[in-house]
Amino acid sequence: MIQSKKSKFGISSLSLAISFALTGTVISSQAFAEDEDIAKKENVEKIAVVGSRAAPRSIGDSPVPIDIISSDDLKKNGSTDMIDMLVTSVPSFNSRAQPISDAATLVRPVNLRGLPSDSTLILVNGKRRHRASVIAFQGGGINDGAQGPDISVIPGVALKQVEVLRDGAAAQYGSDAIAGVMNFVLKDASEGGSITVSQGEYYEGDGAATTIDGNIGLPLTDDGFINLSAQYKTADATSRSVQRPDAAAIAAAGNTSIQDPAQTWGNPEINDDFTVFVNSGFDINDNTHLYAFGNVSSRKATGGFYYRNPQDRSLVYSTINPNDPDDPDDDTRELLVGAINGDQSTCGVISAEVPNVLNTPEYQAMVADPNCFSMNQIRPGGYTPQFTGKIEDMSFFAGVKGESGEWMYDVSAGTGSNKASFGLKNSLNPSMGLDTPTDFDTGSYEQVETTVNIDFSRFVTIGSLEDISFATGFEWREESFEIGQGDEASWIAGPYADQGFNIGSHGFKGFGPESAGKNDRSNIGVYTDIEAYLTEDLLLGFALRYENFSTFGDTLNYKLTAQYVATDELSFRASHSTGFRAPTVGQENVVNTQTSIVNGDLIQTFTAPPTNPLSAFYGGEVLNPEESVSYAAGFVYQYDNLFLTVDYYNIEVTGRIAQSSQISVEASDYDALRAAGVEFPELISAVTFYTNDFDTTTQGVDIVGTYMTEMLSGDAKFSLAYGWTDTIVDKFDPETTDAGKVRRLEDGIPAHRATLTWGQSWDDLSMSVRGNVFGEYYATHADDTSAAGSEMADAAVTIDLEVSYAVLDNLTVSVGANNIFDQEAQKLKDGTLGALGAVYYESGPFDYNGGFYYGRVNYRF
């Protein structure tokens with residue numbers, strides 16, 4: 001193995017080379033060993049350097065707040081989804097289910113410290129992880145329009161640990177680090193391994209999930225290793241639905257084609273979800289080390305959409321006041337009837353304001369006329385499209401690091417891609433009339449990123465100050481976002497578009513040739529990082545980073561950190577930084593058509609680039625980077641077996657990038673829009689686009705504590721993670737952001753979140769009990785932000801329990817349950833309960849499916 005000289009801190013220069021790398025690495029001790037029995041016997045502190053390029057140090061001595069979550073801690077959860085594992089471990093990390101949310105159903109968005117998922121930089125082995133191709137068009141307020149990485153693709157079995165830097169770090173690591181940094185460290189053992197089989201389902205008897213995962217470490221001669229991890233998962237769909245009142249009324253009137261329930265609220269069905277991660281390293285000589293890692297992953301998902309009522313879904317089944325569209329007081333609804341010869345007047349007028357239009361003489365006469373048709377003839381009971389998607393993800397990084405004289409270096413290059421292929425089942429292209437297909441390939445999104453890093457570091461002495469850590473480096477990055485064309489039937493304007501029938505596959509219009517294409521961007525970054533002890537008790541750090549983007553120019557950001565050791569038990573820390581987040585290439589160029597709920601009604605919303613003629617007409621402009629200013633201060637207290645950190649943070653973001661609210665396309669604008677190049681504006685109900693239209697201030701307090709003791713003839717460990725988060729929208733443009741969206745930004749996640757965990761272990765038996773506290777939050781149903789469909793939801797507590805028994809030295813059996821007492825999610829308030837076929841608000845902070853029980857068998861070798 002590499003041998004190198006020691007600094008005055010007793011740290012090898014190779015370790016410093018790693019810590020000085022652009023993105024940093026966490027140096028872990030046996031306290032993080034997969035075998036907890038070994039960890040108990042070692043009194044070793046958790047050591048970390050993430051967030052700092054200076055010498056590795058205890059996380060209690062870090063000038064910024066850091067959480068280190070071991071592989072074993074991640075396993076104590078019934079879910080094998082990385083997002084669910086982290087929600088119970090990090091105080092200000094939140095996520096929610098996305099039952100009916102277009103592409104966000106496939107890649108669930110998350111948020112750290114009250115900011116969207118693309119404000120947290122994700123690293124794997126200290127290298128930047130590519131973002132997902134999926135954009136959360138209906139991301140629950142905070143994440144509306146966010147495009148962050150897909151961390152659910154990372155399996156727990158592949159991880160040695162996860163480090164979470166809860167501090168603004170754009171000046172150190174570049175764009176996307178306004179909220180903080182999460183580093184996923186892959187296992188690096190050269191021997192041993194494990195196989196685990198998990199099975200569970202919800203108390204309701206649905207959502208059965210099976211997971212099989214394995215890990216093996218192999219030697220690469222005597223000087224290296226290859227560590228392989230694989231996981232395969234399947235999960236059945238869930239349903240927490242009731243029959244919609246409108247569907248029930250039509251069925252009661254004699255329509256026998258109505259399904260019960262007509263619309264399903266629940267988790268999507270997951271099939272063929274597999275992922276393989278490889279981590280490897282090799283020592284060329286005492287001073288040079290090669291490394292490489294990567295993954296290949298894929299999964300398929302099928303979820304539900306909104307129900308299309310066969311009598312009042314506009315532009316498919318019906319039309320409102322077609323004879324006098326300029327009269328706002330006349331909302332008479334008629335059946336939308338098409339004419340093969342183009343003359344709709346010969347088909348008569350059929351009122352849709354009847355209990356069952358299929359039984360009316362007017363409808364029977366229309367069906368008998370070979371020139372006339374309605375979509376009721378294909379789907380007489382209405383229909384609920386099913387959204388299908390396939391996510392394919394891959395990455396590969398390789399590099400060399402070592403030392404040459406007084407300098408340490410790390411040179412690496414890597415690429416990553418994420419492709420989402422979309423489809424629809426049980427849908428229609430109404431503009432094609434009765435010749436429409438019902439299943440569609442609607443196209444794809446693909447995100448590709450390539451990164452090159454060159455980093456140097458060393459210790460220098462200036463006057464009486466010794467061992468000043470100095471690091472500098474360079475990063476080049478290129479990213480592209482490509483929209484793949486769907487099949488023609490999914491986007492074509494059929495022969496009946498000019499008769500008022502909706503264009504494209506309904507629910508998710510396919511990407512046509514005008515939308516397909518590839519856009520890219522490159523940027524370079526240069527940084528300098530200095531950190532030194534001015535005295536034995538005072539640590540100061542400074543970071544400066546310059547970046548230049550090919551699309552919008554350059555930015556310069558800085559960060560200051562400080563830590564003061566007051567006593568052996570107490571130290572204080574603080575940081576101040578500026579930051580930025582560049583608009584993603586996807587946000588600048590994405591095109592999408594989806595169905596949204598506004599004031600209880602379904603509308604067809606077109607998402608267009610901000611410079612598109614339709615967007616520009618309603619105020620769209622070229623996007624600029626977000627800018628941020630962060631402050632943080634806190635303290636660390638350590639005494640005997642008690643460890644406690646308390647940190648306050650304040651993050652001001654100006655020009656925040658998000659998806660606008662739905663802006664109605666008015667009839668009075670049709671002529672001007674046609675002149676601007678917009679086709680069929682009368683078939684577009686609303687438009688959204690990305691905009692820098694509001695400023696926010698987010699503040700909060702994170703409290704993390706642990707206490708270990710002997711209790712009940714065994715070893716006990718108590719852990720607390722508490723987070724208070726408060727966001728205020730300081731300024732917004734009422735033309736593009738409505739009051740409902742502002743409320744969701746400010747109150748959409750609980751202001752108070754806490755988990756208290758008691759872990760107890762004996763010789764062969766161990767137990768973990770976790771209480772999860774969720775404070776009040778602003779609950780909304782789907783994407784409806786109207787007061788009628790929203791309210792402040794009550795606080796709630798859920799309890800998780802797991803018991804494990806070592807049957808043999810290398811075989812452990814575990815049983816447990818998440819939400820063991822089946823705490824019910826917030827029900828929709830009176831007047832809206834069941835209105836869209838739902839019972840619970842889908843914007844809740846914990847799983848609305850209820851209690852989930854599971855069993856797991858783990859074999860180690």
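What about the overall build of the protein?
A tally of helices and strands in the protein yields 11 helices and 41 strands. Counting across all 861 residues of the protein, residues that qualify as buried make up 59%. Put simply, 70% of the contacts in the protein that link residues at least 6 apart link residues at least 24 apart. On the protein, roughly 32,100 Å² of surface is accessible, and the fraction owed to carbon and sulfur atoms is 54%.

Re helix α11 (residues 739-747)
Those residues of α11 that fall on the buried side of the exposure criterion are Gly740, Lys741, Val742, Arg744 and Leu745. Its side-chain oxygen 3.2 Å from the backbone nitrogen of Gly740, Asp738 forms the N-cap of α11.

Let's talk about the sheet that holds strand β9 (residues 180-186)
The strand order across the open sheet built from five strands is β3-β8-β9-β6-β7, with neighbouring strands paired in mixed fashion. Sheet topology places β3 (66-70) and β7 (127-128) at the edges, where each strand pairs with a single neighbour. As paired elements, strand β8 (residues 159-165) and β9 share six bridges and run antiparallel to each other. Across the sheet, residue Leu165 finds its bridge partner in β9, namely Val181.

What about the packing of aromatic side chains?
Applying the stated rule across the entire model yields 23 aromatic pairs. Ring geometry for Phe387 versus Phe508: centroids 5.3 Å apart, planes at 40°, classification tilted. Of this pair, Phe387 sits in strand β19 (residues 386-404) while Phe508 is found in the loop between β22 (465-484) and β23 (517-533), placing the two residues 121 residues apart along the sequence. Residues Phe387 and Phe508 agree in their burial class; the two are buried. Of the aromatic side chains, those joined through ring pairs into one cluster are Phe305, Phe387, Phe422, Tyr445, Phe481, Phe508 and Phe511. Looking at Arg113, its charged tip hangs above the ring of Tyr649, at a distance of 4.1 Å from the centre. Positioned above the aromatic ring of Tyr778, the side-chain terminus of Arg743 is 4.3 Å from the ring centre.

Structural notes on the pairing of strand β26 (residues 570-581)
When you tally the buried positions in β26, you get nine out of 12 residues, the bulk of the element. Looking at chain direction, strand β25 (residues 553-565) and β26 are connected through seven bridges and run antiparallel. Looking across to β26, one finds that Thr561 is bridged to Ser575. As consecutive antiparallel partners, β25 and β26 are separated by four residues. When β26 meets strand β29 (residues 626-639), the two strands line up antiparallel, connected through 12 bridges. Paired with His576 across the two strands is Tyr631, which belongs to β29.

Quick look at the nonpolar core
If you look at the biggest cluster of nonpolar residues, it comprises 40 residues, and the most contacted ones within it are Phe422, Tyr445, Leu614 and Tyr618. Where this core is concerned, the elements lending two or more residues are β19, β20 (407-425), β21 (440-462), β22 and α10 (670-675). With three residues, β20 is the single largest residue contributor to this core. By size, the runner-up hydrophobic cluster in this structure holds 34 residues, among which are Phe184, Phe277, Tyr291 and Tyr649.

Some points on the environment of Ala262
Mapped onto the fold, Ala262 is located in the loop between α6 (245-252) and β13 (269-285). On the accessibility criterion, Ala262 (8% relative accessible area) is buried. If we skip the residues at most four places from it in the chain, Ala262 touches Gln243, Ala247, Tyr307 and Thr384.

A short note on the side chain of Thr727
Structurally, Thr727 is set in strand β34 (residues 714-732). Residue Thr727 is classed as buried on the basis of its relative accessible area, which comes to 5%. Setting aside its immediate chain neighbours within four residues, Thr727 contacts Gly114, Thr696, Thr697, Thr698, Leu745 and Glu746.

Quick notes on the pairing of β3
The buried fraction of β3 amounts to five of the five residues, a majority that puts the element mostly inside the structure. Along β3, one buried face is formed by Ile66, Ile68 and Ser70 and the opposite face, lined by Asp67 and Ile69, is buried too. Bridging between β3 and β8 involves five bridges; their strand directions are antiparallel. When the bridges of β8 are listed, Ile68 appears paired with Glu163.

Some remarks on the confidence of the model for the protein
For the protein, the mean per-residue pLDDT works out to 87, and 89% of the residues sit at or above 70. With pLDDT under 50 throughout, residues 1-45 is counted as low confidence; its partners more than four residues away or in other chains account for 127 contacts.

Points about unusual backbone geometry
A negative phi holds for most residues other than glycine; trans holds for most peptide bonds. Pro261 follows Asp260 through a cis peptide bond whose omega is 0°. Residue position: Pro261 is located in the loop between α6 and β13. In this model, Asn125 sits at a positive phi of 50°, which is unusual for a non-glycine residue. Turning to its location among the elements, Asn125 is positioned in the loop between β6 (120-124) and β7. One non-glycine residue, Asn819, adopts positive backbone phi at about 55°. Since its relative accessible area comes to 5%, Asn819 is described here as buried.

Some words on the state of the cysteines
Inspection of every chain in the model, using the stated rule, returns one disulfide. With a sulfur-sulfur separation of 2.0 Å, Cys347 is cross-linked through a disulfide to Cys372. An S-S torsion of about -90° defines the bridge between Cys347 and Cys372 as left-handed. Of the two residues, Cys347 sits in the loop between β17 (338-339) and α7 (361-368) while Cys372 sits in strand β18 (residues 372-373), which places them 25 residues apart along the sequence. The class for Cys372 is buried, based on a relative accessible area of 5%.

Cut-off values and rules
- Residues numbered from 1 in each chain as written.
- Predicted model: local features only at pLDDT ≥ 70, side-chain atom pairs only at ≥ 80, totals over all residues.
- Heavy atoms only, no water.
- Helix = DSSP H or I, 4+ residues; strand = E, 2+ residues; numbered from the N terminus.
- Buried < 20%, exposed > 50% of the residue type's maximum accessible area, 1.4 Å probe, protein only.
- Contact = heavy atoms within 4.5 Å.
- Areas by Shrake-Rupley, 256 points an atom, 1.4 Å probe, with all protein chains shown as cover.
- Polar contact = N/O pair within 3.5 Å; in protein donor to acceptor, adjacent residues only side chain to side chain.
- Pairing = 2+ DSSP bridges.
- Phe/Tyr/Trp six-rings, centres within 6.5 Å; stacked < 30°, edge-to-face > 60°.
- Lys NZ or Arg CZ within 6 Å of the ring centre and 35° of its normal.
- Core = buried A, V, L, I, M, F, W, Y, C linked by side-chain atoms within 4.5 Å.
- pLDDT = per-residue confidence, 0-100.
- Disulfide = S-S within 2.5 Å.

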